[in-house]
Amino acid sequence: MNPLKRLCVVSLALGALASSGLVEAQEAAVGSWVLDPAEYKGLPQLAPTAGTLTITDAGGGKYTSVSEATVAGMTGRSEITYSVDGKDYVVTVMPAQPGAPSITQSIERVSDAVYKSSLKLGGQEIATALNEISGDGKTLTLTTTGVGQFSVLSSTMIYRRK
């Protein structure tokens, strides 16, 4: 698979990693989520065929998020332990590519149900993601906007609570 498609698989998995700043809002995000591929809006050749997101409370104001997405038969997985404080946290990506620049993500609260994350590759911002949990807590909408040459990463994905 070409490097751009590989990056897109990883970015789809990464985009799901954001979470809310308030304890009650964060608690609404804790749990398991399943991607609804039929609701995907974005570049057709990068449409995910499957995806999961699991957010757990890691204690002490930290959370761990593990996500997986499959695009064009290739599955990417990412994991991050973070606080909602706007600081960059290193993302572990699998499959790892030797010599690849590090990926970091920062997460900030926008409102009770909306939060924003910034994804960086080697220190350069490649995308922002807005995440919104529905009022009933059953749907997570992820809107990713690619930056510059990474605009191909722009998409909207819907996750349903498992």
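Scroll up for the structure.
Residues numbered from 1 in each chain as written. Predicted model: local features only at pLDDT ≥ 70, side-chain atom pairs only at ≥ 80, totals over all residues. Heavy atoms only, no water.

Engineer: Would you mind showing me how to read the pattern of salt bridges here?
Structural biologist: Close approach of charged atoms allows side chains with opposite charge to pair. For the structure shown, the criterion picks out three salt bridges. Two residues, Arg160 and Asp36, come together in a salt bridge whose shortest N-O distance is 3.3 Å. Of the two residues, Arg160 sits in strand 12 (residues 155-161) while Asp36 sits in the loop between strand 1 (31-35) and strand 2 (41-42), which places them 124 residues apart along the sequence. Taking relative accessible area as the criterion, Arg160 reaches 34% and is therefore assigned partly exposed. (Salt bridge = Lys/Arg side-chain N within 4 Å of Asp/Glu carboxyl O. Helix = DSSP H or I, 4+ residues; strand = E, 2+ residues; numbered from the N terminus. Buried < 20%, exposed > 50% of the residue type's maximum accessible area, 1.4 Å probe, protein only.)

Engineer: What is the right way to look at the environment of Ser155 in this model?
Structural biologist: Within the element layout of this structure, Ser155 appears in strand 12. Here Ser155 falls in the buried class, since its relative accessible area comes to 7%.

Engineer: How should the environment of Lys87 be read in this particular structure?
Structural biologist: Structurally, Lys87 is set in the loop between strand 5 (74-82) and strand 6 (89-90). Note: C-alpha distance between Lys87 and Ser106 (19 residues apart in sequence) is 5.1 Å. When neighbours within four sequence positions are excluded, Lys87 is seen to be in contact with Gln105, Ser106 and Ile107. (Contact = heavy atoms within 4.5 Å.)

Engineer: Just checking my understanding: could you explain the nonpolar core for this structure?
Structural biologist: Inside soluble globular proteins, nonpolar side chains tend to come together where they are buried. Counting residues in each nonpolar core, the largest one holds 28 residues, and the members touching the most others are Tyr82, Ile126, Leu140 and Tyr159. Per element, the largest residue contribution to this core is four residues, and it comes from strand 10 (residues 124-133). (Core = buried A, V, L, I, M, F, W, Y, C linked by side-chain atoms within 4.5 Å.)

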